[in-house]
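Next come the chains, spelled out residue by residue.
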Amino acid sequence: MATVADVRRLALSLPRTEEHLIRDRVKFRIGRIVYLALSRDETTLGFAFPKEERAALVASDPGKFSMPRESDLRYHWARATLGALDLPELTELVTEAWRMCVPARLARAHLGPGPEPPPPPLRLAQLRASAEVFAAYPGVDRTWLELRALTAPGLDPADPAHRTALHRWLNSWGCRLPYPREGEPYVLGEALAAWAVVHPLPDTPLADLTDLGIDALATAYDALARLPAKSPPRPRTLGPTAAAKALYALRPHTVMPWDAAIAVELYGARDGAAFARHLRTGRAWARLVLAESGLSADTLAAGLGRPAVTLPKVLDEHLYVTITRRGTS
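Okay, so let's go over this structure. All figures in this text were calculated on a predicted structure; none of them were measured in a lab.

Some words on the packing of helix H6 (residues 142-150) against helix H7 (residues 160-172)
Two quantities define a packed helix pair, namely the angle between the axes and the distance from one axis to the other.
Here is step 1: Contact geometry of H6 with H7 gives a least axis separation of 10 Å together with a crossing angle of 175°. When the axes of H6 and H7 are compared, the pair comes out roughly antiparallel. Mapping the contact onto sequence places Thr143, Trp144, Leu147 and Leu150 in H6 and His162, Ala165, Leu166, Trp169 and Ser172 in H7.
Here is step 2: Of the residues belonging to the contact of H6 with H7, the class tally is six nonpolar, three polar and no charged.

Considerations on the side chain of Asp72
Here is step 1: Position of Asp72 among the secondary structure elements: in the loop between strand S5 (65-66) and strand S6 (77-81).
Here is step 2: By relative accessible area, which is 17% here, Asp72 ends up buried.
Here is step 3: When near neighbours in sequence (up to four residues on either side) are disregarded, Asp72 contacts Arg54 and Trp77.

Concerning the side chain of Arg29
Here is step 1: Its location among the elements puts Arg29 in strand S2 (residues 25-30).
Here is step 2: The charged side chain of Arg29 is buried without a salt bridge, its nearest counter-charge being Glu18 at 4.7 Å.
Here is step 3: A polar side-chain atom of Arg29 sits 3.0 Å from the main-chain carbonyl oxygen of Gly31.
Here is step 4: Leaving out residues up to four positions away in the same chain, Arg29 has contacts with Arg16, Thr17, Glu18, His20, Ile22, Val34 and Tyr35.

Notes on helix H9 (residues 211-225)
Here is step 1: Taking 1.5 Å as the rise per residue, H9 with 15 residues should run 21 Å; its terminal C-alpha atoms sit 21 Å apart, in good agreement.
Here is step 2: Among all positions of H9, only Gly213, Ile214, Leu217, Ala218, Ala220, Tyr221, Ala223, Leu224 and Ala225 are buried.

Reading the values: rules and limits
Residues numbered from 1 in each chain as written. Predicted model: local features only at pLDDT ≥ 70, side-chain atom pairs only at ≥ 80, totals over all residues. Heavy atoms only, no water. Axes fitted to C-alpha atoms, helices over the stretch in contact; angles between N-to-C directions. Helix = DSSP H or I, 4+ residues; strand = E, 2+ residues; numbered from the N terminus. Parallel < 35°, antiparallel > 145°, perpendicular 65-115°, else oblique. Contact = heavy atoms within 4.5 Å. Nonpolar A, V, L, I, M, F, W, Y, C, P; charged D, E, K, R; others polar. Buried < 20%, exposed > 50% of the residue type's maximum accessible area, 1.4 Å probe, protein only. Lys, Arg positive; Asp, Glu negative; His and termini not counted. Salt bridge = Lys/Arg side-chain N within 4 Å of Asp/Glu carboxyl O. Polar contact = N/O pair within 3.5 Å; in protein donor to acceptor, adjacent residues only side chain to side chain. Expected span 1.5 Å × (residues − 1).

This is how it looks when you write it as structure tokens:
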């Protein structure tokens, strides 16, 4: 059972927190922003909480949580019966209330990154609808099938011909990577071969990918995006979109690629941490649609009218139809 002493200890351990007695009520605040307040009899704890989520919080345990009084409904605020909370629950409430009221940089410095929001739900019917739209685009699989034929049984970055084929395939999907002129060194090809030696990639179906596997792919993605694609005086790197597509080409059953529109809308960034979140989203979606369908990944892709590609690519196509294409229509 949580106590007032627990509230005080937790709150005062958080940077910038001050305790005040206001009209016989103990309150904890950051500057002039109150994020915790005890009732006069100290049995109820008010705390900062997103108002769009508090109805669900109260419904989850109405004996423990309650709505704020009517005059406070417009604020991000909720209440809890202090004696009904255990210490881990109180710690989470206090910490997240504090996080809401301080600069994000301070919260990250003190607590580390906040919890990731869960991926949006995906149902099989949604995936089927997007697959039908994408399959109707002219020639969507032509260059992919050409790449697979040229690099069978699998793309090998150590093979110069495979590197050239990958380069041309990336450009067929709009990456606009420069080709070397006659007599120039093949900067991207050499960098790609060296990168592959340092970054062995997991070869696991997306639905079965472990967190360690995701971390390895995110690290490889970060390094791949920074590979030089053109030398000075006008240098450029491979970049985030091409890196994600190249990883898909190397591990088509494992990697769900992205483009700039998808990355920015879903994660607000295109770095390795964002790509790791993207892969976790893909893993969650793959598990959902596989469980709903009862099929294997390849059978499901074929059943959705996309036998030439893998389930991670079908998931990417859903995002292209619902995010990228929407932004260009």
